[in-house]
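# Descriptive structure summary
Chain by chain, the residues:
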Amino acid sequence: MIELIPAIDIINGQCVRLTKGDYDQKTVYGEPLDMALEFERIGYERLHVVDLDGAKSKHIVNSEVLRQITTETQLTVDFGGGIKTDEDIEKAFASGASMVTIGSIAVTQPELFMGWLERYGAEKIILGADVRHGKISINGWKEDSGEDLLPFLKKYVDAGVKNVLCTEISKDGTLAGPAIDLYKDIMAEYPQLHLIASGGVSSKEDIEALDAAGIPAVVFGKAIYEGRIDLKELVQAP
């Protein structure tokens with residue numbers, strides 16, 4: 001069964017969702033801690049938290065929100081957004097993150113990323129591969145790096161990366177369905193990866209389609225907040 005990972009994106013301490021990564025197209029949905037407590041109450045065990053302020057500012061901004069969630073719940077939290085320095089990654093782990101998602105640094109400072117991979121171990125590092133038109137995008141999706149997805153992944157899979165979170169930016173926040181063919185291509189090339197699909201999930205059927213395609217895990221957010229997915233039904237599904 002595909003691993004189900006609800007998402008909380010944070011701007012100004014609030015739970016929000018963007019459309020296609022556009023900070024000018026945001027919808028506010030309330031308090032992150034309240035959402036996390038509800039996910040746990042329903043039966044979820046894992047949570048994906050993104051510091052969108054951090055991604056934009058290029059340093060962690062919402063570590064206190066992360067600390068609240070990890071203190072008040074038993075959820076396994078992976079955290080990303082704004083992790084650019086040793087101080088940032090140390091702050092994320094000190095605030096209770098079980099794993100961190102690193103994207104931009106893997107593009108701009110590969111030696112630093114490799115150092116973190118060696119220091120903290122492959123189980124604690126998730127490689128963030130945010131894709132627009134087949135190219136890796138960085139710094140809160142504001143910049144396209146020019147790097148092609150599959151060669152980018154190969155470099156790090158060969159170095160020992162086990163976990164990859166891949167977001168198709170054109171799908172994110174659109175409720176238009178996930179980029180299943182993209183994820184199939186990645187799994188065909190790197191079947192050993194724990195690939196986390198992200199972007200476009202609009203329904204239980206979308207998640208079932210990802211599961212049928214052999215995708216190990218899925219992150220979803222807007223479909224929750226817009227009432228498109230019954231979280232209780234989903235977590236109880238066989």
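Preceding block: the structure.
The following paragraphs examine the structure supplied in this document. (Residues numbered from 1 in each chain as written. Predicted model: local features only at pLDDT ≥ 70, side-chain atom pairs only at ≥ 80, totals over all residues. Heavy atoms only, no water.)

## Things to note about the pattern of salt bridges
Under the counting rule described, the total for this entry stands at 11 salt bridges. Measuring nitrogen to oxygen at the nearest pair gives 3.2 Å for the salt bridge that ties Glu-233 to Lys-204. Separated by 29 residues along the polypeptide, Glu-233 in helix 11 (residues 231-236) and Lys-204 in helix 9 (residues 204-212) bring together distant segments of the chain. Taking the relative accessible area as the measure of exposure, Lys-204 reaches 24% and is therefore partly exposed. (Salt bridge = Lys/Arg side-chain N within 4 Å of Asp/Glu carboxyl O. Helix = DSSP H or I, 4+ residues; strand = E, 2+ residues; numbered from the N terminus. Buried < 20%, exposed > 50% of the residue type's maximum accessible area, 1.4 Å probe, protein only.)

## A few points about the packing of helix 4 (residues 86-94) against helix 6 (residues 110-120)
Relative orientation and spacing of two packed helices are given, respectively, by the angle between their axes and the distance between those axes. Their axes nearest at 12 Å, the elements helix 4 and helix 6 cross at an angle of 35°. In terms of crossing hand, the pair formed by helix 4 and helix 6 is right-handed. Contacts between helix 4 and helix 6 involve Asp-86, Ile-89, Glu-90 and Phe-93 from the former and Leu-112, Trp-116, Arg-119 and Tyr-120 from the latter. Across the contact of helix 4 with helix 6, the residue classes break down as five nonpolar, no polar and three charged. (Axes fitted to C-alpha atoms, helices over the stretch in contact; angles between N-to-C directions. Left-handed = near helix turned anticlockwise from the far one by under 90°. Contact = heavy atoms within 4.5 Å. Nonpolar A, V, L, I, M, F, W, Y, C, P; charged D, E, K, R; others polar.)

## Comments concerning the layout of surface pockets
Its volume calculated, the largest pocket comes out at about 160 Å³. Around the largest pocket sit Met-1, Ile-2, Glu-3, Leu-4, Gly-43, Tyr-44, Glu-45, Arg-46, Thr-76, Leu-234, Val-235 and Ala-237, which together line it. Mapped onto the lining of the largest pocket, the elements with two or more residues apiece are strand 1 (3-11) and helix 11. Its residues assigned to classes, the lining of the largest pocket comprises seven nonpolar, two polar and three charged. (1 Å grid on protein atoms, 1.4 Å probe; cavity = no way out; pocket = protein on both sides within 12 Å on 5 of 7 lines; lining within 4 Å. Points joined across faces, edges and corners; volume = space filled by probe spheres on them.)

## Looking at the packing of aromatic side chains
By the definition in use, this model includes five aromatic pairs. An angle of 70° between the planes, with centres 6.5 Å apart, marks the rings of Phe-39 and Tyr-44 as edge-to-face. In this structure Phe-39 comes out as buried when scored by relative accessible area, which is 1%. Note on Tyr-44: relative accessible area 4%, which makes it buried. (Phe/Tyr/Trp six-rings, centres within 6.5 Å; stacked < 30°, edge-to-face > 60°.)

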